[in-house]
Each structure stands twice: as structure tokens, then as C-alpha cells.
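A look at the structure
As a plain string of letters, each chain reads:
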Amino acid sequence: MLTRETLPQAVGKPLGTSTWVEISQARIDAFADLTEDWQPIHLDPVAAQSAGFSGTVAHGFLTLSMLSAMSYDVLPKIEGESASINYGFDRVRFIAPVPAGARIRTQFELVDAAPRGEGWMLRLAATVEIDGAEKPALTADWLAYYLF
């Protein structure tokens, strides 16, 4: 467990890697329905192949949204925290598509930690890997605000 006093020493260090999460076609279909993003490359294998993919691929925003779930495996608790709030992203890059059925996981690194108001602002580097792929699915510069 980290403390507000030890946070600065953790800057620049890996926080860890999440467990693998499968991005099934059922998950992709559910995300399409929830967000009303029914682009054919996500839902229709023939359309996806016509666009140059081997099959359907996950929405980039589905992959990005999985960061929250994957962070629960990795991000340490900070002594005395009452809540952590998603503050947003300074940078997100979708690098490689995630094929339906693929597994992804995220490596997290603490890039910065500074007191801000009543809490602390943490900047996390997140790299989402695709099992067996050379390139990551995405990289993100994620901000989290911790309240105490």
C-alpha cells in the first residue's frame, strides 16, 4: 500500500500488469448496442474482411473502457483514500485493432503524482497489449484524482 508520503518515490516505476480479459464477440455486440455504434467492422465478419481485417474487431472505445476494470487488478490503494475519480485522458492512441476473441491486458506505470487541492492527481501510462500481437492495442496517458 502506498501513502501520500511515498507516492513521489513510486513515480517512474511500473505499477504492474492486469490479468488477461477476453474481448468476445458477445462483448463487442453488447458495447455496440449500449453505445449505438453499429459500424459493420465490429459486427459483420464479411464487412470486416472487406475492410482488410481478418474478422470483426472491437471498438477502440470498448478497449479504452476496459482500462477501469483492468486497473482494479493493478493500481495500489493509497492509505486514507476515500475515492478515486477518472479525471480524463491527456493522450490516447489506438495503435492496433483488437480481433474478436482476442485477450488483452494492460501495463500501468505511475508517471506523475502531485498534491492538488484536497487530493492527489496521478498520471498513469497505460499500454494495452493484445495476446500474441507485436503492437499494443492502445496507449493512453490517464489522469486519476484521489480524494482523502
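Residues numbered from 1 in each chain as written. Predicted model: local features only at pLDDT ≥ 70, side-chain atom pairs only at ≥ 80, totals over all residues. Heavy atoms only, no water.

**Details of the overall build of the protein chain**
Counting its secondary structure elements, the protein chain contains five helices and six strands. Seen through its C-alpha atoms, the protein chain measures out along the principal axes to roughly 55 × 30 × 20 Å. Here the protein chain holds 148 residues, and 38% of them are scored as buried. In the protein chain, the proportion of contacts linking residues at least 24 apart, taken out of those at least 6 apart, comes to 72%. Carbon and sulfur atoms make up 52% of the accessible area of the protein chain, which totals about 8,100 Å². Mean positive and mean negative side-chain charge positions of the protein chain (11 and 18 charges, respectively) differ by 6 Å. (Helix = DSSP H or I, 4+ residues; strand = E, 2+ residues; numbered from the N terminus. Buried < 20%, exposed > 50% of the residue type's maximum accessible area, 1.4 Å probe, protein only. Contact = heavy atoms within 4.5 Å. Areas by Shrake-Rupley, 256 points an atom, 1.4 Å probe, with all protein chains shown as cover. Lys, Arg positive; Asp, Glu negative; His and termini not counted. Charge placed at Lys NZ, Arg CZ, Asp CG, Glu CD.)

**Here we look at helix α5 (residues 60-74)**
One turn of the α-helix equals 3.6 residues, which is why residues spaced by three or four share an orientation. Here α5 spans 22 Å end to end across 15 residues, near enough to the 21 Å set by a 1.5 Å rise per residue. Residues of α5 that are buried include every one of L62, T63, L64, M66, L67, M70, S71 and V74, and no others. (Expected span 1.5 Å × (residues − 1).)

**Observations regarding the pattern of salt bridges**
By the definition in use, this model includes four salt bridges. For E129, the salt bridge is made with R105, and the minimal N-O distance between the two is 2.5 Å. Pair noted here: E129 is in strand β5 (residues 119-130) and R105 is in strand β4 (residues 102-116), with a separation of 24 residues, a long-range link. With a relative accessible area of 18%, E129 lands in the buried category. On the basis of relative accessibility, which here comes to 26%, the residue R105 falls in the partly exposed class. Where D141 meets R123, a salt bridge forms, and the shortest distance between an N and an O atom there is 2.7 Å. (Salt bridge = Lys/Arg side-chain N within 4 Å of Asp/Glu carboxyl O.)

**Looking at the environment of P45**
Residue position: P45 is located in helix α4 (residues 45-50). Taking C-alpha positions, P45 is 4.9 Å from G55, a pair spaced 10 residues apart along the chain.

**Let's talk about helix α2 (residues 25-35)**
Of the residues making up α2, those classed as buried are I28, F31 and A32. Down the axis of α2, the sector holding all buried residues measures 100°, keeping them to one side. Among the exposed residues of α2, those oriented more than 90 degrees off its buried face are A26, D33 and L34. Buried residues in α2 make contact with β2 (21-23), α3 (40-43) and α5. (Arc of directions from axis to C-beta.)

**A short note on the environment of A51**
Mapped onto the fold, A51 is located in the loop between α4 and α5. Sequence separation of A51 and T63 is 12 residues, and the distance between their C-alpha atoms is 20 Å.

**Focus: the nonpolar core**
In this structure, L7, I23, L67, V98, I104 and L122 are the most contacted members of the largest nonpolar core, which totals 35 residues. At the level of secondary structure, the elements contributing two or more residues to this core comprise α1 (7-10), β2, α2, α5, β4, β5 and β6 (138-147). Apart from the residues lying within four places of it in its own chain, the contact partners of I104 are T19, W20, V21, I23, T63, M66, M70, V98, V128, E129 and I130. (Core = buried A, V, L, I, M, F, W, Y, C linked by side-chain atoms within 4.5 Å.)

**A closer look at the side chain of E129**
Side-chain polar atoms of E129 contact the side chain of R105, separated by 2.5 Å. Within the structure, E129 has its side chain in polar contact with the side chain of Q107 (distance 2.4 Å). Those residues within four positions of E129 in sequence are excluded, and the remaining contacts are W20, R103, I104, R105, Q107 and P136. (Polar contact = N/O pair within 3.5 Å; in protein donor to acceptor, adjacent residues only side chain to side chain.)

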